[in-house]
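Commentary on secondary and tertiary structure
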Amino acid sequence: MTPSLEPRTALVVGASGITGSAVVDQLAAEGWQVLALARRSGPALPGVRWIQADLRSAADLNKVLASEMPERVFFTAWSRQNSEELNIEVNGGMVRDLLAALAHAPVRHVALVTGLKHYLGPFEAYGQGTMPDTPFSEDELRLDVANFYYAQEDELFAASARQGFTWSVHRSHTVIGHAVGNLMNMGLTLAAQAALCRHLGIPFVFPGSATQWNGVTDMTDATILAEQMVWAATTAAGANEAFNVVNGDVFRWRAMWPKIAAYFGVEPVGFVDEPRPLEVQMAGMEPVWAELAAAYNLVESDLGRIASWWHTDADLGRNIEVFTDITKSRLAGFTPHHRTIDSFTALFDRYRAEKIIPE
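Residues numbered from 1 in each chain as written. Predicted model: local features only at pLDDT ≥ 70, side-chain atom pairs only at ≥ 80, totals over all residues. Heavy atoms only, no water.

Examining the environment of Ala191
Keep this limit in mind: A run of H or I in DSSP counts as a helix once it spans at least four residues, and a run of E counts as a strand once it spans at least two, with each numbered from the N terminus. Buried residues are those whose accessible area, probed at 1.4 Å on protein chains only, stays under 20% of the maximum for their type, while exposed residues exceed 50% and partly exposed ones sit between those limits. The contact rule is simple, with two residues in contact once any of their heavy atoms fall within 4.5 Å.
On the secondary structure map, Ala191 appears in helix 6 (residues 186-200). Under the relative-accessibility criterion, Ala191 is labelled buried at 0%. Expressed as a C-alpha distance, the spacing of Ala191 and Asn82, which sit 109 residues apart in the sequence, is 28 Å. Setting aside residues up to four positions removed in sequence, Ala191 forms contacts with Phe264, Phe348 and Ile357.

Printed below as a string of structure tokens:
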């Protein structure tokens, strides 16, 4: 295949997060010129230029993007608020204002990351009411409940009609990937739990429900999410479509938990009688992490920037079965497949190498 000679410039919004950083890495490896938008600069990479902006300020976005000319946009950011009403206002507004600030640019495609709360409902009504059958498929109707994912989609669709670009929506399950200081990072959260358990000589206790321990589920490696987004943004089959995106395998936590425990050399303990949330198990561990960080010369001594106990508790505490159908993207031509235990161990290896968790 003859390589395209067209300029390839992409804007990645939320470039320092789990998904955004994976998209930046993917694009940079493919030789794109990348505009990486975040609140603070990230690592220097060939072809990557960092841009600082407050996504909640239309004036700020207009200012910093006035001279930028991306052809593809990858929107991976969100801001958690205290109510779904505010989530809609803030997160829908960020999509609206970002795309309005690019009205002058030759944008050809915008890829938006959402997730399975599209099928499950927002945090305030999570898993309540009538749920679609698993595996979730993209042709399910929206739930009859306010949801900031729907608001983001609607802003995307409106801007597409107004500005003439194609779009794609990428509905991931729990994303595991490389980031520090992220609000929703199960990979690093479980690594922190295991490191603390090993340091203290205590068992590695599964925090979630019987349903999650015994049921079938799946996950999304940030790298496969990035691959799908770039594929959709550069392939006719990806235009104006929503796609589920997961690794491709399914598993049960009762089989996965001992494998993660074996990696860290800790004793696995499964579900017994009731959930044992990490917010309870790990309460007061901040000074222990600081002690551990000093002992192993780790780069981050603040446990609050390492572990998001609440989010992992929410994921693993669900009393409903959650997994997805990815037939649509496979039939459209997107066929990468990951094994979830390999995603976990590769991520743990990277965190160890970067001195984020101890050897």
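From this point, the discussion proceeds with the structure in view.
A few points about the packing of helix 3 (residues 84-100) against helix 5 (residues 148-163)
Each packed pair of helices is defined by two parameters, the angle between the axes and the distance between the axes. Operational definition: Each axis is a line fitted through C-alpha atoms, taken for helices only over the stretch in contact, and angles between the N-to-C directions span 0 to 180 degrees. Should an angle fall under 35 degrees it is taken as roughly parallel, and over 145 as roughly antiparallel, whereas 65 to 115 is taken as roughly perpendicular and any remaining angle as oblique. Left-handed describes a crossing in which the near helix is turned anticlockwise from the far one by less than a right angle; the clockwise case is right-handed.
Packing of helix 3 against helix 5 brings their axes to within 8 Å, and their N-to-C directions diverge by 20°. What the angle tells us is that helix 3 and helix 5 run roughly parallel. As helix 3 runs across helix 5, the sense of the crossing is right-handed. Seen from helix 3, the contacting residues are Glu84, Asn87, Ile88, Asn91, Gly92, Val95, Arg96, Leu99 and Ala100; seen from helix 5, they are Phe148, Ala151, Gln152, Glu155, Leu156, Ala159 and Gln163.

Some details on the nonpolar core
So the rule is basically this: In this description, a nonpolar core means a group of buried Ala, Val, Leu, Ile, Met, Phe, Trp, Tyr and Cys residues linked to one another through side-chain atoms lying within 4.5 Å.
Leu196, Trp253, Ile260, Phe264, Trp289, Leu303 and Phe344 are the most contacted members of the largest nonpolar core, which has 43 residues in total. Mapped by element, the contributors of at least two residues to this core are helix 6, helix 9 (253-264), helix 11 (286-296), helix 12 (309-316) and helix 14 (340-353). Ranked by residue count, the leading element in this core is helix 6, at nine residues. Other than its neighbours up to four places away in sequence, Trp289 contacts Ala192, Ala195, Leu196, Leu298, Glu300, Ser301, Asp302, Leu303, Ile306, Ile356 and Ile357. Within the second largest apolar cluster, 31 residues are counted, among which are Ala22, Trp231, Val245 and Phe334.

Structural notes on empty space enclosed by the protein
Condition: Using a 1 Å grid laid over the protein atoms alone, points where a 1.4 Å probe fits but cannot get out form a cavity; open sets with protein on both sides within 12 Å along at least 5 of 7 lines form a pocket; any residue with an atom within 4 Å of a point counts as lining. Grid points are joined across faces, edges and corners, and a volume is the space filled by probe spheres set on the points. Under the grouping applied here, Gly and all other residues not named as nonpolar or charged are polar, the nonpolar ones being Ala, Val, Leu, Ile, Met, Phe, Trp, Tyr, Cys and Pro and the charged ones Asp, Glu, Lys and Arg.
Across all of its chains, the model carries two cavities of 30 Å³ or more by this definition. Those elements that provide at least two residues to the lining of the largest cavity are helix 8 (222-234), strand 10 (241-245) and helix 13 (327-332). In terms of residue class, the lining of the largest cavity is made up of six nonpolar, four polar and one charged. Considering only enclosed or pocket space, the second largest cavity measures out at about 50 Å³ in volume. What lines the second largest cavity is simply His173, Thr174, Met186, Gln212, Thr217, Asp218, Met219, Phe251, Trp253, Asp315, Leu316 and Arg318. Residues of the lining of the second largest cavity, tallied by class, amount to five nonpolar, four polar and three charged.

Describing helix 8
Note the following rule: Expected helix span is computed as 1.5 Å times (number of residues minus one).
Relative to the 18 Å expected for 13 residues at 1.5 Å per residue, helix 8 spans 19 Å between its end C-alpha atoms, a close match to the ideal helical length. Burial of helix 8 is extensive: ten of the 13 residues sit out of reach of the surface. Taken residue by residue, helix 8 has Ala222, Ile224, Leu225, Ala226, Gln228, Met229, Val230, Trp231, Ala232 and Ala233 as its buried positions.

Observations regarding the side chain of Gln81
Our working definition: Whenever two N or O atoms come within 3.5 Å, that pair is a polar contact, provided that in protein one can donate a hydrogen and the other can accept it, and provided that, for residues adjacent in sequence, both atoms are side-chain atoms.
You can see Gln81 is positioned in the loop between strand 4 (72-75) and helix 3. At a separation of 2.8 Å, a polar atom in the side chain of Gln81 contacts the side chain of Ser79. Setting aside residues no more than four positions away along its own chain, Gln81 makes contact with Arg56, Leu86, Asn87 and Val90.

What about the sheet that holds strand 2 (residues 33-38)?
Heads up, the rule is: DSSP calls a pair of strands paired once it identifies at least 2 bridges connecting them.
Reading across the sheet, the seven strands line up as 3-2-1-4-5-6-10 and stay open at both edges, with parallel pairing between neighbours. Looking along the sheet, the strands with just one partner apiece sit at the ends: strand 3 (48-52) and strand 10. Each neighbouring strand pair of the sheet contributes to a mean axis angle of 20°, computed without reference to strand direction. Examined bridge by bridge, strand 1 (residues 9-13) and strand 4 share four bridges and lie parallel to one another. Paired with Val12 across the bridge in strand 4 is Phe74.

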